[in-house]
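So you can see what is in the structure, the chains are spelled out below.
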Amino acid sequence: MEVVGTVASVLTLAALFKTCIKAFDVVQLYQNQDADFKKLLLRLNIEKCRLYVWGQSMHLASESSHSALQDCPFLDVVTGCLTEIADMFHDAGKIKNKYGCQEVDQTLVLRNHNQQQPRNIRIFAAAFGNFRIRESKQRKDDGSPLKEAVLKTKWVIQDREKFLLLIKEVQTLIDGLQDITKELSSAAKQQERISSRVVNIRDISTLNMVADVCEGRYPQIAYAASTRAESISVASSKRQRIANWQMKVESEESDGTSIAHLEDLSVTELKYQISRLLRDRLE
């Protein structure tokens, strides 16, 4: 599609970045699609997350009028990468034939908007403030024929292997953005920022899925997710053991070991009750 490319020169870089972030949302899932498709969508959202954090590092997602990219000698390459990402999601022919997606009836999308994205994706997006981008007063209305991408068409993943190509191509472009701006903010520093958001997630299934899809390519993010999932699981297990212990104590008191009853026991009987309780605690 030529529209995004032809208007790139009149868009501010921040507006082009916003277009890219919104473009990821054209991909949805059928409610009955299996776990593999959900992982594919999460992988795409990981890339959206990487682009979002990169944009934050360049001050493109805030109200600041100053961008770290103003002094970047490769500004035209940055613009080209962002334009290419936006074009990927706007080219209906590519999305359908090259990336293996199927167009969704827009009426159905609007009717089931809240159900289109799986719970894990919504939880992951919430950790990043749902990828919100603040508008500055300076670029509230830039007079551009394309103030932001109006994405009227929605797509669902139909072919796993073809859709992997889209993910890999997006990865390559974001890698390129990180590489040419590494003097401003390193990829490692951006992964660290992503990890700091991931540890705010409390849903174990989402954390496990993030760890699974990030393993290998993004080990720091995978480690943060798996460690967080394990800590929540351990804490939950401890809370359950404490609850079970409290129930057991209450049960024992009802069986004749209440304070009132202990006062009536002989010394020998009291010693026996104490030793039994200690033995039970140790077990």
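Before any of the text, the structure's been laid out above.
Parameters and conventions
Residues numbered from 1 in each chain as written. Predicted model: local features only at pLDDT ≥ 70, side-chain atom pairs only at ≥ 80, totals over all residues. Heavy atoms only, no water. Helix = DSSP H or I, 4+ residues; strand = E, 2+ residues; numbered from the N terminus. Buried < 20%, exposed > 50% of the residue type's maximum accessible area, 1.4 Å probe, protein only. Areas by Shrake-Rupley, 256 points an atom, 1.4 Å probe, with all protein chains shown as cover. Core = buried A, V, L, I, M, F, W, Y, C linked by side-chain atoms within 4.5 Å. Contact = heavy atoms within 4.5 Å. Pairing = 2+ DSSP bridges. Axes fitted to C-alpha atoms, helices over the stretch in contact; angles between N-to-C directions. Parallel < 35°, antiparallel > 145°, perpendicular 65-115°, else oblique. Left-handed = near helix turned anticlockwise from the far one by under 90°. Salt bridge = Lys/Arg side-chain N within 4 Å of Asp/Glu carboxyl O. Expected span 1.5 Å × (residues − 1). Polar contact = N/O pair within 3.5 Å; in protein donor to acceptor, adjacent residues only side chain to side chain.

Enquirer: Would you explain the overall build of the chain in this entry?
Expert: Counting its secondary structure elements, the chain contains 14 helices and three strands. Counting only residues that meet the buried cut, the chain has 43% of its 283 residues in that class. Summed over its atoms, the accessible surface of the chain is roughly 15700 Å², and 51% of this surface lies on carbon and sulfur atoms.

Enquirer: Would you explain the nonpolar core in this entry?
Expert: The tendency in soluble globular proteins is for nonpolar side chains to be buried as a group. Among the nonpolar cores identified, the biggest contains 70 residues, and Phe 17, Leu 51, Trp 54, Leu 82 and Phe 89 are the most heavily contacted of them. Per-element tally for this core: the top contributor is helix α3 (residues 35-57), with eleven residues. Those residues in contact with Phe 89, other than ones at most four positions away along the chain, are Ala 23, Phe 24, Val 26, Val 27, Leu 44, Ile 95, Leu 166 and Val 170.

Enquirer: Is there a simple way to explain the sheet that holds strand β2 (residues 101-104) in this structure?
Expert: Sheets are built from strands paired through backbone hydrogen bonds, the pairs being either parallel or antiparallel. Here three strands make up an open sheet; going across it, the order is β1-β3-β2 and the pairing mixed. Two strands bound the open sheet, and with one partner strand each, they are β1 (27-28) and β2. The pairing of β2 with strand β3 (residues 154-157) spans four bridges and is classified as antiparallel. Across the sheet, residue Glu 103 finds its bridge partner in β3, namely Trp 155.

Enquirer: So what exactly am I meant to see when it comes to the side chain of Asn 45 here?
Expert: On the secondary structure map, Asn 45 appears in helix α3. If we skip the residues at most four places from it in the chain, Asn 45 touches Ile 121, Phe 124 and Phe 131.

Enquirer: Would you explain the packing of α3 against helix α9 (residues 160-180) in this entry?
Expert: Each pair of packed helices gets described by two things: the angle between the helix axes and the distance between those axes. Remark: α3 packs on α9, axes separated minimally by 10 Å, with the N-to-C direction vectors making an angle of 15 degrees. Judged by the angle between their axes, α3 and α9 are roughly parallel. The interaxial crossing formed by α3 with α9 has left-handed handedness. Contact residues: Asp 36, Phe 37, Leu 40, Arg 43, Leu 44, Glu 47, Arg 50, Leu 51 and Trp 54 in α3; Arg 160, Phe 163, Leu 164, Ile 167, Val 170, Gln 171, Ile 174, Asp 175, Leu 177 and Gln 178 in α9.

Enquirer: Would you mind showing me how to read the pattern of salt bridges here?
Expert: Opposite charge on two side chains makes pairing possible when the charged atoms of those side chains draw close. Considering all chains together, one arrives at ten salt bridges under this definition. The partner of Glu 169 in a salt bridge is Lys 98, and the shortest N-O contact between them spans 3.1 Å. Of this pair, Glu 169 sits in helix α9 while Lys 98 sits in helix α5 (residues 92-98), and the two are 71 residues apart along the sequence. What makes Lys 98 partly exposed here is its relative accessible area of 33%. The shortest N-O distance in the salt bridge between Arg 119 and Asp 203 comes to 2.9 Å. Within this pair, whereas Arg 119 is found in helix α8 (residues 119-126), its partner Asp 203 is found in the loop between α10 (187-198) and α11 (204-214), the two being separated by 84 residues in sequence. Residue class for Arg 119 comes out partly exposed when judged on its relative accessible area of 46%. On the basis of relative accessible area, Asp 203 is assigned to the buried category, the value being 15%. One connected set of salt bridges, linked through shared partners, spans Glu 47, Arg 50, Asp 175 and Arg 217.

Enquirer: What am I meant to see in the packing of α3 against helix α4 (residues 75-90) here?
Expert: One way to put it is that α3 packs onto α4 with a least axis distance of 14 Å and a crossing angle of 150 degrees. When the interaxial angle is binned, α3 and α4 end up roughly antiparallel. α4 is crossed by α3, and the crossing has left-handed handedness. When α3 is examined against α4, the residues Leu 44, Leu 51 and Trp 54 are found in contact with a partner set consisting of Val 78, Leu 82, Ile 85 and Phe 89.

Enquirer: Help me understand α4, please; the structure alone is not making it clear to me.
Expert: An α-helical turn contains 3.6 residues, so any two residues separated by three or four positions project in the same direction. With 16 residues, α4 extends 23 Å between its outermost C-alpha atoms, agreeing within 8% with the 22 Å of an ideal straight helix rising 1.5 Å per residue. Listed as buried for α4 are Val 78, Cys 81, Leu 82, Thr 83, Ile 85, Ala 86, Asp 87, Met 88, Phe 89 and His 90.

Enquirer: Explain α3 to me, please; I cannot follow it from the model alone.
Expert: The terminal C-alpha atoms of α3 lie 32 Å apart, and with 23 residues this matches the ideal 33 Å at 1.5 Å per residue to within 8%. Of all 23 residues that make up α3, 18 are buried, and the element is covered over most of its length. Near the N-terminus of α3, the side chain that reaches the backbone nitrogen of Asp 36, with its oxygen 3.2 Å away, is that of Asp 34. His 59 sits one or two residues past α3 and shows a positive phi near 65 degrees.

Enquirer: How should I be thinking about the environment of Ile 121 in this particular structure?
Expert: Tracing the backbone shows Ile 121 in helix α8. The class of Ile 121 is buried, set by a relative accessible area of 5%. Residues Ile 121 and Leu 41 lie 80 residues apart in sequence; the distance between their C-alpha atoms is 7.8 Å. Apart from residues no more than four positions distant in its own chain, Ile 121 is found in contact with Lys 38, Leu 41, Leu 42 and Asn 45.

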